[in-house]
Amino acid sequence: MVRGRTRDGAAPPIPVEAIVVTQPDADRSALVLERAAIVQLCKHPQSIAEVSALLRVPVGVVRVLVGDLTTEGFVWVNLPLDPHADGTVDRGLLERVLAGLEAL
Amino acid sequence: MTWVVGPDHFDEREGAMPVKLVVCGGYGAGKTTFVGAISEIVPITTEAPITEVSVGTDEGAAATKVATTVALDFGRISLDSGLVLYLFGTPGQSRFRFAWDQVATGAIGAVILVDSRRIEDAFPSLDFCEARGIPFAVAVNRFDGLLVHDLAAVRAALALDGEIPVLGIDARSRADAKGTLIALDLHA
């Protein structure tokens with residue numbers, strides 16, 4: 001399935017919260033098994049963790065499969081915002097999170 | 001990395017940007033309950049029945065707990081049309097400590113849940129957050145509706161700086177979970 005890989009070469013592992021989104025115009029007819037299942041599932045965007053739990057595939061395997069599917073143009077991955085160079089979190093992001101929480 | 005679509009190119013029509021908080025604390029402190037109280041999905045968790053070994057090493061009232069979290073345990077909150085908050089619980093037992101870094105990397109903050117009957121169980125979580133510079137709030141879970149120690153005593157026992165939020169909560173309460181996350185965000 002992943003040909004022995006649990007890391008995608010030199011790239012850092014995709015975060016467990018990264019959101020996988022299926023590209024609507026990709027021709028998925030040749031995909032099978034877990035690769036097909038990921039592309040089907042992520043028509044509704046899902047995090048790596050959700051893909052792992054819903055398809056019952058280990059996180060490390062999902063990372064490799066999603067990495068391949070991204071390279072091949074079937075999905076893209078929305079990553080979290082990187083912290084600033086000094087390690088602090090972006091103030092605007094914190095304010096957006098606060099507004100969202102207060103509206104719950 | 002060609003496969004990465006960074007936030008600079010983020011398009012709200014094409015899936016949300018994720019943001020992550022971790023919920024940590026000792027075994028049986030209420031992490032899964034807390035996540036479940038506020039998550040819009042049933043917390044996705046892999047729970048294995050407690051083993052005979054765990055029964056033998058467990059202490060106190062929490063020994064009556066019949067299952068424990070041994071895998072990724074998380075919930076989701078959609079904050080606005082383009083932002084999704086994920087809450088990840090850290091495995092409570094020390095033999096799963098290796099999983100903490102993977103779960104916590106990139107988190108904008110942490111909630112440390114404390115069982116006031118066993119305050120010392122919070123120290124590994126406290127050490128973890130402090131060592132990695134993760135902003136945190138401390139939430140003392142009221143078991144059976146009462147706190148064994150008052151919040152000042154918890155603050156003193158954990159040697160917490162004055163600006164660190166310490167809240168008394170019921171981990172089953174959505175309002176309390178929301179209040180804890182707001183206090184954490186304001187502190188972060």
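Presented here is a report on the structure given in the accompanying data block.

## Remarks on the pairing of strand β2 (residues 17-25) of chain B
All names here are of chain B. Among the 9 residues in β2, 9 count as buried, and that is most of the element. Every second residue of β2 is oriented toward a common face, with M17, V19, L21, V23 and G25 on one face and P18, K20, V22 and C24 on the other, all of them buried. Taken together, the 7 bridges between β2 and strand β5 (residues 83-89) define a ladder with parallel strand orientation. In the sheet register, V23 faces β5, and the bridge partner there is G89. The sheet contact formed by β2 and strand β6 (residues 109-115) spans 5 bridges and is parallel. Of the residues in β6, the one forming a bridge with C24 is I112.

## Some words on the packing of helix α1 (residues 31-38) of chain B against helix α6 (residues 174-187) of chain B
Residue and element names in this part refer to chain B. In the contact formed by α1 and α6, the axes pass within 8 Å of each other and the chain directions differ by 95°. As summarised for this structure, α1 and α6 are arranged roughly perpendicular, according to the angle between their axes. Of the residues in α6, those in contact with F34, A37 and I38 of α1 are R174, A177, K178, T180 and L181. Each residue belonging to the contact of α1 with α6 can be placed in one class, and the counts come to 5 nonpolar, 1 polar and 2 charged.

Cut-offs used in this document
- Residues numbered from 1 in each chain as written.
- Chains lettered and ligands numbered in written order.
- Predicted model: local features only at pLDDT ≥ 70, side-chain atom pairs only at ≥ 80, totals over all residues.
- Heavy atoms only, no water.
- Buried < 20%, exposed > 50% of the residue type's maximum accessible area, 1.4 Å probe, protein only.
- Helix = DSSP H or I, 4+ residues; strand = E, 2+ residues; numbered from the N terminus.
- Pairing = 2+ DSSP bridges.
- Axes fitted to C-alpha atoms, helices over the stretch in contact; angles between N-to-C directions.
- Parallel < 35°, antiparallel > 145°, perpendicular 65-115°, else oblique.
- Contact = heavy atoms within 4.5 Å.
- Nonpolar A, V, L, I, M, F, W, Y, C, P; charged D, E, K, R; others polar.

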